Amino acid sequence: MLTAPVAWGAEPADDHAGGAVLQTRFGIPVTAAIDRPGDRDWYAVKLTGDDDFHVTIRRSAGGCAAEALRVTVLSPEVHAIRWKTVLPDTATSSELPKNQRGLYFVEIDAQGEPGCGGMSYTLTLVRESGVGGSGSGSGAECQAAKGTLHDDKVARSAFKKYLKSRDPKTVARYKKKDRKAAARLKADNADLRRYCPKKKR
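Residue numbering note: each chain is counted from 1, following its sequence as written. Selection of residues for local features in this predicted model requires a pLDDT of at least 70, selection of side-chain atom pairs for listing and counting requires 80 or more, and totals for whole chains, interfaces and linings are taken over all residues. As a convention, hydrogens and water are excluded, and side-chain values are obtained from all of the structure's heavy atoms.

Participant: I would appreciate a short explanation of the overall build of the protein in the present structure.
Facilitator: Along the backbone of the protein there are two helices and nine strands. The helix count covers DSSP runs of H or I at least four residues long, the strand count covers runs of E at least two residues long, and both are numbered beginning at the N terminus. Mapped in sequence order, the helices and strands of the protein form the string β-β-β-β-β-β-β-β-β-α-α. Exposure categories follow from relative accessible area, calculated using a 1.4 Å probe and restricted to protein chains: below 20% of the type maximum is buried, above 50% is exposed, and the middle band is partly exposed. Among the 201 residues that make up the protein, the fraction classed as buried is 45%. Looking at the protein alone, contacts between residues at least 24 apart form 70% of all its contacts between residues at least 6 apart. Accessible area for the protein stands at about 10300 Å²; split by element, carbon and sulfur atoms hold 52% of it. Any two residues having at least one pair of non-hydrogen atoms within 4.5 Å are treated as being in contact. For the accessible areas, the method is Shrake-Rupley and the probe is 1.4 Å, while residue cover comes only from the protein chains on display.

Participant: Would you take a moment to explain the nonpolar core for this structure?
Facilitator: Considering soluble globular proteins, one finds that nonpolar side chains tend to be buried as a cluster. Ile108 and Tyr121 are the most contacted members of the largest nonpolar core, which has 25 residues in total. In terms of residue count, strand 9 (residues 119–127) provides more of this core than any other element does, four residues in total. Each residue touching Ile108, except ones within four places of it in the same chain, is listed here: Ile34, Asp39, Arg40, Asp41, Tyr43, Ile57, Leu69, Arg70, Val71, Tyr121 and Leu123. Within this scheme, the nonpolar core is defined by two criteria: the residues are buried Ala, Val, Leu, Ile, Met, Phe, Trp, Tyr or Cys, and they are joined through side-chain atoms within 4.5 Å.

Participant: Which parts of the structure should I look at to understand unusual backbone geometry?
Facilitator: Positive phi outside glycine occurs at Val78, with the angle close to 65°. Secondary-structure assignment places Val78 in the loop between strand 5 (69–74) and strand 6 (80–86). Given a relative accessible area of 36%, Val78 falls into the partly exposed group. For Asn99, which is not a glycine, the phi torsion comes out positive at approximately 55°. Relative to the elements of secondary structure, Asn99 occurs in the loop between strand 7 (91–95) and strand 8 (101–109).

Participant: What am I meant to see in the pattern of salt bridges here?
Facilitator: Here, a salt bridge means any side-chain nitrogen of Lys or Arg that lies within 4 Å of a carboxyl oxygen of Asp or Glu. On inspection of all chains with the given rule, the structure shows nine salt bridges. With a shortest N-O distance of 3.3 Å, Arg40 and Asp109 are connected by a salt bridge. Of this pair, Arg40 sits in the loop between strand 2 (30–34) and strand 3 (41–48) while Asp109 sits in strand 8, placing them 69 residues apart in sequence. One salt bridge in this structure joins Asp52 and Lys98, with 3.9 Å as the shortest N-O distance. With Asp52 in the loop between strand 3 and strand 4 (53–61) and Lys98 in the loop between strand 7 and strand 8, this residue pair connects regions lying 46 residues apart in the sequence. Several salt bridges share partner residues, and in doing so they unite Arg40, Arg70, Glu107 and Asp109 into one network.

Participant: How should I be thinking about empty space enclosed by the protein in this particular structure?
Facilitator: A probe as big as a water molecule, rolled over the atoms, marks out the empty space that is left. Only protein atoms enter the calculation, which uses a 1 Å grid: trapped sets of points that fit a 1.4 Å probe without letting it out are cavities, open sets showing protein on both sides within 12 Å along at least five of seven lines are pockets, and any residue with an atom within 4 Å of a point is a lining residue. Grid points are joined across faces, edges and corners, and a volume is the space filled by probe spheres set on the points. One pass over the full model with this rule turns up two cavities of 30 Å³ or more. Counted as a void, the second largest cavity has a volume near 30 Å³. Lining the second largest cavity we find Ile34, Arg36, Pro37, Gly38, Asp39, Ala110, Gln111, Pro114 and Cys116. For the lining of the second largest cavity, the class distribution of residues is five nonpolar, two polar and two charged. For this classification, Asp, Glu, Lys and Arg are treated as charged, while Ala, Val, Leu, Ile, Met, Phe, Trp, Tyr, Cys and Pro are nonpolar and the rest, including Gly, are polar.

Participant: It is not clear to me how the sheet that holds strand 3 should be interpreted in this structure. Could you clarify?
Facilitator: As a general point, the strands of a sheet are linked pairwise by backbone hydrogen bonds and lie either parallel or antiparallel. Should DSSP find at least two bridges between two strands, the strands are taken to pair. Spatial ordering of the open sheet is given by 1-3-8-5-6, a layout of five strands whose pairing is mixed. Both outer strands of the open sheet, strand 1 (21–22) and strand 6, are each paired with one neighbouring strand and no more. In this sheet, strand 8 lies alongside strand 3 in antiparallel orientation, the contact comprising eight bridges. Within strand 8, the position partnered with Thr48 by the bridge is Arg101.

Participant: What exactly am I supposed to notice about the state of the cysteines here?
Facilitator: Simply put, the disulfide is a covalent bond whose two ends are the sulfur atoms of two cysteines. Note that a disulfide, as used here, is simply two cysteine sulfur atoms within 2.5 Å. In total, this model carries one disulfide according to the counting rule given. The disulfide partner of Cys64 is Cys116, and the gap between their sulfur atoms is 1.7 Å. Judged by the sign of its S-S torsion, about 80°, the cystine formed by Cys64 and Cys116 is right-handed. Of this pair, Cys64 sits in the loop between strand 4 and strand 5 while Cys116 sits in the loop between strand 8 and strand 9, and the two are 52 residues apart along the sequence.

Participant: What exactly am I supposed to notice about the sheet that holds strand 7 here?
Facilitator: Strands sit in the order 2-9-4-7 across an open sheet of four strands; the sheet is antiparallel. Each edge of the open sheet is held by one strand with a lone partner, namely strand 2 and strand 7. Sheet twist, expressed as the mean angle between neighbouring strand axes with direction ignored, is 30°. Pairing analysis gives eight bridges linking strand 4 to strand 9, with the strands arranged antiparallel. If you follow His54 over to strand 9, its bridge partner there is Val126. Lines are fitted to the C-alpha atoms to define the axes, a helix being fitted only along its stretch in contact, and any angle between axes, read from their N-to-C directions, falls within 0 to 180 degrees.

This is the structure:
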């Protein structure tokens with residue numbers, strides 16, 4: 001079973017279905033990256049027949065084309081069921097099959113720009129509770145927005161410690177990181193307002 005890493009720079013998935021990492025933790029973003037041209041990240045979700053799952057992807061960094069990042073849901077036989085493009089700074093939810101059993105796959109790649117690398121993202125597995133309707137994706141997007149906001153708050157808190165350093169180079173470097181973190185938090189809060197009605201916060 002997966003113990004999902006949440007630190008930047010962690011690479012939790014392999015480049016093929018046979019090395020897919022089993023995802024079992026709900027609502028906790030996994031941070032990863034398409035770190036080189038041709039890189040593919042594979043995840044797996046075991047369905048029991050009574051599940052209602054979404055995976056939500058949020059592209060968080062990288063200078064590649066707007067439509068570069070793609071998420072594909074695949075059957076146990078590794079046949080594509082559906083795919084979506086993940087635009088920058090946008091949470092994109094993709095539904096897993098309902099009333100099915102078996103190991104289903106999720107592939108993240110940069111097929112919108114095959115030569116692209118250095119593109120980071122977060123993946124969140126969400127189990128729907130029936131609130132808001134299973135087909136809308138609103139529950140998945142809300143959980144992803146909350147998880148991303150939490151992670152970015154933790155990251156910014158860590159950066160602020162380095163701003164107290166006596167080394168001017170360290171301070172300058174982390175000032176830049178802090179400004180970027182502040183911009184991400186602004187986007188995260190916008191996502192929270194967009195995807196989470198006040199009664200769900």
